[in-house]
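This is what each chain is made of:
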Amino acid sequence: MSLLKKKDSAEPAVYSGADTEVVTEQQLNDVMKKYDKESNTRIWTGTPQKLITAVMALFSLYCIWSTLFSKAALEIRLTAFLGCVIIMGFLYYPASKNHVKPNSMPWYDWLIMLVGAGCFFYYCFSFSSLARVLTSASKLTDVQIAIGVVGILVVLELCRRCVGVPILCVLGALLVYTFASGLPLRRLIYTLFYSTGGVIGTPAQVCAKFIVVFIVFGSFLERTGISKFFIDLANKLAGWSSGGPAKVAVISSALCGMVSGSSVGNTVTTGSVTIPMMKKTGYKPEFAGAVEAAASTGGQIMPPIMGAAAFLMAEYMGIPYAQVALKAILPAVLYFAGIFIAVHLEAKKLGLQGLQRSELTPWRKLLAKSYLLLPLVLLVWLVSTNLRTMAFAAAVSILAAIAVGLVGTVGEDARNPELQGFGQVCGSVLKDTGRTIVASLEAGGKGTITVAVACAVAGCIAGCITATGLASKLITGIVAVSQNSVFLALFLTMLCCIVLGMGVPTTANYCIMAATCAPILIKMGLPSVSAHFFVFYFGIVADITPPVALAAYAGSAIAKSNPMRTGINATKLAVAAFIVPYIFAFNPAMLFEGVSGAGDVILIAITSLVGIFGVAAALNGHLYKKINVVFRVLIAAGGLCLLYPGALTDIIGIVVVGGIFVFQLVSAKRSTKITA
């Protein structure tokens, strides 16, 4: 689910440079519908659309109010929340994308929606009387068991419609194992529906408590025009340099990724601009699509939001959110630095140029638009200083985004020649601002549906694992196979994470990893923080790892390239995501664990950046000239030494990487003189 959504527009989303390939809005929608399940929605027009917009906006306001002010019991708030989500979900998502008619919703969808929501509202309004029987599964009546079964099945059907099948396959396999292990149905339904270890488990709790308000904040922030500002800023910073458009893709995706929760959505949103630019510059289509996919996938690991998973990580690890964001900084910087260096080396190898400086937005215009950053800066400041709760910080930031949007609206309407006089301008500003607020609330509510459903299903997965004791069995199995080898255990866990993370949204992805894979590594002796970051990273890179590389396939659709080649290129570009987790697993200093001061942090950051340069150069095979096989192996080894914090490894790495760099430079200059 993406916290930053594209605005509905009939205009093509393109870069305005001459001879640039046009990517139309319809093409983007087609790509999103093919690779992003939540983009397949019903078509509402006229009065029905207005009614659903109003209901969805009210739902967002209710979620904000509930988060900030409600004192009701946890079970009451969560079941009311999920009941509303089911209603909203079935109003938006059809059973199949191939059977959608304007202003049409089949009778069976109305029935499923009402029955499913009724199951949760029954729990909500009957909680005071249910509290006496919720102490044990044996006290539940057959009717209450039936209500639980129906409620769970409706959630699973909505998940199929708006999230996809992969996460249901994981749950289905666990349910089969659960029944095979002999767990009674009554006990299972009690665990998954009535206890706080299933659909209303930790993932749903964090979603209702934190994630919803940040989704709404992202909707308001997007409508201020910050995405275009990030792309223009990235263009100004790097667009003019060698192979500039690819660097623009890396920077803009990193910036947009700070508040993004969908690698596919991020790929399509920024890729509609950057991929045509890269192809125009001279990059091959497979490389252009891979750059955008790899960079957009990195948005999920970029602080401060980390695709909304940061809040879940704080809850699971039991540390403040600000610490999670801080620990994520260096690995995220290394990830994007690796892609940036790779595209620079590729540009030098191909002799590519950058954009003309005349095509770039002037600094004065960028500075004039820098006020768009105020809501994001305010959010980070409020959260990092712990002055108030995260929900309060998000609510205040929403008001700041409204104020920022109001400033932009005033500027646009004041320059509109069709508006005459102060009264007309004020009327237009109020009207436009009102529409923006309603549209943002609607988008926030719609975005909440997918995340809430994914979190509910992830809670069921965690519930099955807990009820059957599968986690301890997995731990025992991997420990036995790895024969107490930490590296082999890490490798096997990495494979599990990539398989389980294929096609699963960020938040649900992490919930699954935290329940299944993180305990394995903690049992092997890894610190909790390292274990959780390790599984989170490898769950995320499933989006660019073939065969189910959804982000890479979305990028290939825009670039008109071979999907598998694009996925392979994206995997190579994102090499840092496959290396860095092993580094902080063996040495948590990269996560700023156990460092003694600012000096250690600076040293780790510098050596790690040089190390990722060495690895990127080895993979690309070109510095100032082609690198032979022996030097490629050596510079890769030197880079890995620098990535591993430690005095001896740093010295070895600097000598090897620095020596090969100098040799390449001198050799290239000598060859140039001989040629001349």
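Presented here is a report on the structure given in the accompanying data block. None of the values given here were measured: they were computed from a predicted structure.

1. Here's the deal with the overall build of the chain
Phase 1: Broken down by element type, the chain carries 31 helices and 0 strands.
Phase 2: Scaling as 2.2 N^0.38, a compact globule of 676 residues should have a C-alpha radius of gyration of about 26 Å, and the chain matches this with 26 Å.
Phase 3: Overall size of the chain, expressed as C-alpha extent along the three principal axes, is 90 × 80 × 50 Å.
Phase 4: Pairs at least 24 residues apart make up 77% of the contacts formed inside the chain by residues separated by at least 6 positions.
Phase 5: Total accessible area on the chain stands at roughly 27000 Å², and carbon and sulfur atoms take up 66% of it.
Phase 6: When the 49 positive and 28 negative side-chain charges of the chain are each reduced to one mean point, those points stand 5 Å apart.

2. Some words on unusual backbone geometry
Phase 1: One non-glycine residue, asparagine 103, adopts positive backbone phi at about 55 degrees.
Phase 2: Inspection of the secondary structure puts asparagine 103 in the loop between helix H3 (74-92) and helix H4 (107-125).
Phase 3: Positive phi outside glycine occurs at phenylalanine 592, with the angle close to 65 degrees.
Phase 4: By the secondary structure assignment, phenylalanine 592 is in the loop between helix H28 (575-586) and helix H29 (598-620).

3. Topic: helix H16 (residues 329-350)
Phase 1: An ideal rise of 1.5 Å per residue puts 32 Å on 22 residues; H16 measures up with 32 Å between its terminal C-alpha atoms.
Phase 2: One or two positions beyond H16, positive phi appears at glycine 351, with a value near 70 degrees.

4. Remarks on the environment of phenylalanine 121
Phase 1: For phenylalanine 121, the position within the fold is in helix H4.
Phase 2: Judged by its relative accessible area of 21%, phenylalanine 121 is partly exposed.
Phase 3: Counting along the chain gives 39 residues from phenylalanine 121 to leucine 82, while the straight-line C-alpha distance between them is 8.7 Å.
Phase 4: The contact partners of phenylalanine 121, leaving out residues within four places of it in the chain, are Ala80, Gly83, Cys84 and Ile87.

Conventions adopted
Residues numbered from 1 in each chain as written. Predicted model: local features only at pLDDT ≥ 70, side-chain atom pairs only at ≥ 80, totals over all residues. Heavy atoms only, no water. Helix = DSSP H or I, 4+ residues; strand = E, 2+ residues; numbered from the N terminus. Rg over C-alpha atoms; globule rule 2.2 N^0.38 Å. Contact = heavy atoms within 4.5 Å. Areas by Shrake-Rupley, 256 points an atom, 1.4 Å probe, with all protein chains shown as cover. Lys, Arg positive; Asp, Glu negative; His and termini not counted. Charge placed at Lys NZ, Arg CZ, Asp CG, Glu CD. Expected span 1.5 Å × (residues − 1). Buried < 20%, exposed > 50% of the residue type's maximum accessible area, 1.4 Å probe, protein only.

Read these as spatial facts, not as claims about activity.
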